[in-house]
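For reference, the chains in residue letters:
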Amino acid sequence: MHFVIHGGKKLSGTISVSGSKNASLPIIAATLLTDEPCVIDRVPRISDVETMLNILRSLGGEAEWTGDHQVTICTKNTQLQPLDQKLVKNLRASLLIIGPLLTRFSEVPLSEPGGCIIGNRPLDAHIEGLAKLGVIVERTKAHYRLTHSGLRGALVPLLEASVTATENIMMAACRAGGETTIINAACEPHVQDLAAFLRAMGADIEGEGTSVIRVRGVSRLVGARHTVIPDDIEAGTFIMMALATHGSVTVTDLRPETLVVPLEKLKSMGAQFDVKKDSITILQSGVLKAAKIETRLYPGIPTDLQ
């Protein structure tokens, strides 16, 4: 496959934003926390999502598309069996199943997840955080063995505000005994969306969107229906695409509040916007000025948007 692009044309029109991939993956993993069916709407039909669904299926779960962007999942028949190593290695986000699986089984094997071409990123934040909940982690070459005799709530100070570590610990803590407090938690919108889904399932969570998240363990979670938030990375990409071509485009079905800092940076470069509740119109701009771009944790400019 290849693309042929004939440039020099201004983009115009209206385009809607898909559901967030970064929210969909942990939410799909979270369905392992209940035996009841879950319905998730606005799920992007992309390869990463399909891989995560196939991981659930490989464990005995049921997952089917019941609409163009709706997936219905039931993990009642999940069994702890060797994970499909090819699937795990194709998707770094596969490590998000660790937390939920530990609430169902006292031992979970895992291979080093892959999927990222920017280099091997350590799992230290996950391992150290789960250890606080009573998980013992043994590593041999590229394999991990996680065991516990019962998850228990604890104070979990993260040495880095890792998004996936925050999500993993949140999910594990939902069924742990007592209260878990995550310090230096990630604040990203998709972390907040996972918390909303977990709460719909019956979890007791507060503080998402701040650096301190508290989770009080409950004995049971139930099935839920949830609509995934818009993808802020996709929205920002559409906005910059319109600016780069000096076009006038309206991007709809987004949440402008998740893009405040990137929009401010673009304004400093000469961009003009008409911002409404769930849409942004990029107005035709003149010559844009160069600017220094520095990525930061949310609400700063995301690395993926850079």
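Residues numbered from 1 in each chain as written. Predicted model: local features only at pLDDT ≥ 70, side-chain atom pairs only at ≥ 80, totals over all residues. Heavy atoms only, no water.

**Student:** Any chance you could explain the pattern of salt bridges here in plain terms?
**Tutor:** A complete count under the given rule lists 14 salt bridges for this structure. In this structure, Glu-294 and Arg-296 form a salt bridge, with 3.1 Å as the shortest nitrogen-oxygen distance. Assessed through its relative accessible area of 41%, Glu-294 is described here as partly exposed. (Salt bridge = Lys/Arg side-chain N within 4 Å of Asp/Glu carboxyl O. Buried < 20%, exposed > 50% of the residue type's maximum accessible area, 1.4 Å probe, protein only.)

**Student:** It is not clear to me how empty space enclosed by the protein should be interpreted in this structure. Could you clarify?
**Tutor:** Rolled over the atoms, a probe sized like a water molecule indicates the empty space that remains. Throughout the structure, instances matching the rule amount to two cavities of 30 Å³ or more. Lining of the largest cavity is provided by Ile-98, Leu-110, Leu-123, His-126, Ile-127, Leu-130, Val-137, Tyr-144 and Leu-146. Looking at the lining of the largest cavity, the elements that each hand over two or more residues are α5 (124-132) and β7 (143-147). Of all the elements, α5 adds the most residues to the lining of the largest cavity, at three residues. The class makeup of the residues in the lining of the largest cavity is eight nonpolar, one polar and no charged. As a volume, the second largest cavity reaches approximately 50 Å³. In this structure, the second largest cavity is lined by Pro-189, Ile-229, Pro-230, Asp-231, Asp-232, Ala-235, Leu-254, Arg-255, Thr-258 and Leu-259. Partitioning the lining of the second largest cavity into residue classes produces six nonpolar, one polar and three charged. (1 Å grid on protein atoms, 1.4 Å probe; cavity = no way out; pocket = protein on both sides within 12 Å on 5 of 7 lines; lining within 4 Å. Points joined across faces, edges and corners; volume = space filled by probe spheres on them. Helix = DSSP H or I, 4+ residues; strand = E, 2+ residues; numbered from the N terminus. Nonpolar A, V, L, I, M, F, W, Y, C, P; charged D, E, K, R; others polar.)

**Student:** Which parts of the structure should I look at to understand a nonpolar patch on the surface?
**Tutor:** Residues Met-1, Phe-3 and Ile-5 make up a contiguous nonpolar surface patch of roughly 540 Å² in combined accessible area. The exposure class assigned to Ile-5 is exposed, which follows from its relative accessible area of 77%. (Patch = residues over 30% accessible without salt bridge, like charges linked within 9 Å, V, L, I, M, F, W, Y side chains within 5 Å. Areas by Shrake-Rupley, 256 points an atom, 1.4 Å probe, with all protein chains shown as cover.)

**Student:** Explanation requested: the pairing of strand β2 (residues 38-41) in the structure shown.
**Tutor:** Each regular strand carries side chains that alternate between the two faces of the sheet. Across the two faces of β2 the burial is the same, with Cys-38 and Ile-40 and Val-39 and Asp-41 all buried. Relative to strand β4 (residues 70-74), β2 is paired through three bridges, and the arrangement is antiparallel. Residue pairing in the sheet places Cys-38 in a bridge with Ile-73 of β4. Of the pairings in the sheet, the one linking β2 to strand β12 (residues 225-227) comprises three bridges and is parallel in character. Counterpart to Ile-40 in the pairing with β12 is His-226. (Pairing = 2+ DSSP bridges.)

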